[in-house]
Every structure is written in structure tokens, then in C-alpha cells.
Amino acid sequence: MKPKLVIGNWKMNKSFEEADDLIIEISEHLEGLTLQTGVVLCPPFLYLELTTDHAEENEFSAGAQNCSEYSNGAYTGEISAEMMSEIGVEFCIVGHSERRKYFAETNQMIANKVDQLLKYGLIPVVCCGEQLEDRQKMNHFQVVETQIKESIFHLTKEQFETIVIAYEPVWAIGTGETATPQQAEEMHQYIRQIIEKKYGTETAYATYILYGGSCNAQNALELFSQQNVDGGLIGGASLKANEFVSIIEAAETVLKDN
Ligand code: PGA
């Protein structure tokens, strides 16, 4: 089993002071530990520099929650991948279901954002996941496959090897209803198979496929123990230092036991 990756998605939460406190608290918890698990904090844009400043001395990296699909120019309100790379941001979530739903993001826009991020050396964390009705109609594999094909299968094998995928069933996000470890494993295995068909076995096994959707300190151990679950994209539970650190500890435990 490869080391896990745990990413905290803070969404649009925390004041500046609260963000600073949370970063400091997480840093204190992680101090002195030699972690094998990769840890990434994705705060709102305004707190990214604060995070990259702390990241330099700590066991975590900074990630953004979105980026522009354009390089630069007259795009009022947008923030480019290049700007983020200049301040030391290493990761960026793209295609989160909230962006698909509230900001009408399409697979094509997500593909453009991925291209921007790769151009400036950031690691895209590309989200996919079905709605509840897709699962009820037994259409979930097809929906996720289409999202993946249309947003990242234009990449070369070399480019593909630098990206992270996050499977987040929409019905599990922020609802407290987690996918069972079996449901997560089944989808992760499916995703790995389609990657294998396109890019080969080695790339498929090296690709990080994270689970997201009400993952917390109670269920992380079981979810991360699944063969094809390489870590988690954590929303609500990443807003409390204790809880987030427990999830990181679960990732470490799974690695030690395997
Ligand atoms: P949640 O969110 O952990 O609060 O369900 C996960 C996400 O949206 O990335």
C-alpha cells in the first residue's frame, strides 16, 4: 500500500483569525511527527498565503479550492494558476460538485482548469461523483466514467501521473451519510480500471484516488483500509484540528498495518 494523502477542504469557512488559529493548532499537533501521509490544507483564497507561510516549516502543503480556466487578462474576479504557484500553492481542487452545481462548471471547464494547473506545476485534485438519483438508477459508474473521460483523459500519460482524483458521491457530501467502505472501494476499483485501460497498469496503480463525503475521525480507518482508497478529501471534519489530526492518524495506522 502506498502512503495516504489527506486533504482538508475548508470551503467558505473561518475568519482570518480563526484560520490562523486552526493552522497553528494543526501544526502543533503534527510537530515532531514524521508522517508518511501527505497533508494538504485548502483554505479560501485569502488565507492561502498565510497557509503557505506556515507550510514552509511544517508537515503540510497548501492547496486552493478553485482556479481560473484562463491564463491572465480581463477576467474580473478570477485567480490564475500562475498567481497561486508564485506564492507556493502546490495543489488545487477542481470540479468539486458544489462548483458544478452552483457555478455551472462543466467537464470542459474542468479540463481547461487542469491544463492551467499543470502548466504552472500545481497538482490538480479532480473531483468526480454521482448524484443520488444516478445511483438509484444504477447509473453511477457511467456518470463517473464520463466525468473522468471528459475532464482528464485528454492528458498525456506523463501529465496524468501528476494528478489526484477525488471520488465524492454528491449524496454523501456534508450530509453525514458516508458511502460504505464497500461502495467506496467498488467505485475506486472501477476508476482504477478505466485508468488502466487508457494509461496502463503502472499509471493506474500509482494514481491517487481519494474518497470524500462525510469522512470523519470515526469512519476514516475503515475507509482508508480499502485497497483502492488512497486517502481522503475532508470537508466539515477538516475544520476542527483534533478531528482532522485523528483522520491523519488513521491514515498512518492503515499504512503501518499493511
Ligand atoms: P464533507 O465534504 O466531508 O463535509 O462531506 C467533503 C467535500 O466536499 O470535499
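The structure reproduced in this document is the subject of the present report. (Residues numbered from 1 in each chain as written. Predicted model: local features only at pLDDT ≥ 70, side-chain atom pairs only at ≥ 80, totals over all residues. Heavy atoms only, no water.)

1. Examining the overall build of the chain
Rules: Strands here mean DSSP runs of E at least two residues long; helices mean DSSP runs of H or I at least four residues long; both are numbered from the N terminus. All radius of gyration figures rest on C-alpha atoms, and the globule criterion is 2.2 Å times the number of residues raised to 0.38. The contact criterion used throughout is that any non-hydrogen atoms of two residues lie within 4.5 Å. By the counting rule applied here, Lys and Arg register as positive and Asp and Glu as negative, while His and the ends of each chain are not counted. Working definition for charges: the position is that of NZ of Lys, CZ of Arg, CG of Asp or CD of Glu.
The helix and strand tally for the chain stands at twelve helices and eight strands. On C-alpha atoms alone, the chain measures out to a radius of gyration of 17 Å, which is about the 18 Å that the 2.2 N^0.38 rule sets for 258 residues. With the C-alpha coordinates aligned to their principal axes, the bounding extent of the chain is approximately 50 × 45 × 35 Å. Counted over contacts in the chain with a minimum sequence separation of 6, partners at least 24 positions apart contribute 73%. When the 18 positive and 39 negative side-chain charges of the chain are each reduced to one mean point, those points stand 9 Å apart.

2. Concerning a negative patch on the surface
Note the threshold: Patch definition: residues with relative accessible area over 30% and no salt bridge; like charges joined within 9 Å; nonpolar side chains (Val, Leu, Ile, Met, Phe, Trp, Tyr) joined within 5 Å. For the accessible areas, the method is Shrake-Rupley and the probe is 1.4 Å, while residue cover comes only from the protein chains on display. Salt bridges are counted wherever a side-chain nitrogen of Lys or Arg sits within 4 Å of a carboxyl oxygen of Asp or Glu. Classification of residues uses two cut-offs on accessible area relative to the type maximum, computed with a 1.4 Å probe and protein chains only: under 20% is buried, over 50% is exposed, and between them is partly exposed.
On the surface, Glu17, Glu18, Asp21, Glu25, Glu28 and Glu31 cluster together into a negatively charged patch. Relative to the helices and strands, glutamate 31 is located in the loop between α1 (16-30) and β2 (38-42). A relative accessible area of 60% places glutamate 31 in the exposed class.

3. Topic: the packing of helix α7 (residues 140-152) against helix α9 (residues 181-199)
Here is the rule: Orientation is described by axes fitted as lines to C-alpha atoms, over the contacting stretch for helices, and by angles from 0 to 180 degrees between their N-to-C directions. Comment on the angle field: the value is read as roughly parallel under 35 degrees, roughly antiparallel over 145, roughly perpendicular from 65 to 115, and oblique elsewhere. Each crossing gets its handedness from the near helix: less than a right angle anticlockwise from the far helix is left-handed, clockwise is right-handed. Each residue is assigned to one class: nonpolar for Ala, Val, Leu, Ile, Met, Phe, Trp, Tyr, Cys and Pro, charged for Asp, Glu, Lys and Arg, and polar for all the others, Gly among them.
Remark: α7 packs on α9, axes separated minimally by 11 Å, with the N-to-C direction vectors making an angle of 40 degrees. Viewed along their axes, α7 and α9 adopt a mutual orientation that is oblique. Regarding α7 and α9, the two cross each other, and that crossing is right-handed. Packed against α7, whose contacting residues are His140, Phe141, Val144, Glu145, Ile148 and Ile152, the element α9 presents Glu186, Met187, Tyr190, Ile191, Ile194 and Tyr199 at the interface. A class-by-class count of the residues in the contact of α7 with α9 yields nine nonpolar, one polar and two charged.

4. Considerations on the packing of aromatic side chains
Let me state the cut-off plainly: Ring pairs shown here join Phe, Tyr and Trp side chains whose ring centres sit within 6.5 Å, with only the six-membered ring taken for Trp; geometry is labelled stacked below 30 degrees between planes, edge-to-face above 60, and tilted in between.
Following the criterion strictly, the structure yields seven aromatic pairs and no others. Summarising the aromatic geometry, the rings of phenylalanine 16 and tyrosine 47 are spaced 5.7 Å apart at their centres and angled 80 degrees between planes, so their arrangement reads as edge-to-face. Placement of phenylalanine 16 in helix α1 and of tyrosine 47 in the loop between β2 and α2 (48-55) is noted, with a sequence separation of 31 residues between them. For phenylalanine 16, a relative accessible area of 46% gives the class partly exposed. Ring centres 5.6 Å apart and planes at 85 degrees place the aromatic pair phenylalanine 153 and tyrosine 199 in the edge-to-face group. Within this pair, whereas phenylalanine 153 is found in the loop between α7 and α8 (157-160), its partner tyrosine 199 is found in helix α9, the two being separated by 46 residues in sequence. Tyrosine 199 carries the same exposure label as phenylalanine 153, and that label is buried. The rings of Phe153, Phe160 and Tyr199 are connected pair by pair, giving a single aromatic cluster.

5. With respect to the site of the ligand
Which entries qualify depends on this criterion: Each residue is tested against the molecule or strand, and it is near if at least one of its non-hydrogen atoms lies within 4 Å. Polar contacts, as used here, are pairs of N or O atoms within 3.5 Å; protein pairs need one atom able to donate a hydrogen and one able to accept it. Residues neighboring in sequence count only if both atoms are side-chain atoms.
Around the ligand sit Asn9, Lys11, His96, Glu168, Ala172, Ile173, Gly174, Gly213, Ser214, Leu233, Gly235 and Gly236, and that is every residue in its neighbourhood. A distance of 2.7 Å separates an oxygen atom of the ligand from a polar atom in the backbone of serine 214. Between an oxygen atom of the ligand and a main-chain N or O atom of glycine 235, the distance comes to 2.9 Å. Bound to the protein, the ligand loses 95% of the 280 Å² it would expose on its own. A breakdown of the residues in the shell around the ligand according to their chemical character gives three nonpolar, seven polar and two charged.

6. A look at the pattern of salt bridges
Evaluated as defined, the whole model comprises eight salt bridges. With a shortest N-O distance of 2.8 Å, glutamate 105 and arginine 99 are connected by a salt bridge. Close ionic contact of lysine 157 with glutamate 161 constitutes a salt bridge, the shortest N to O distance being 3.7 Å. On the basis of relative accessible area, glutamate 161 is assigned to the partly exposed category, the value being 44%. Ionic contacts of the salt-bridge type, sharing partners, join the residues Lys2, Arg192 and Asp230 into one network.

Without other data, these values stay purely geometric and don't point to any function.
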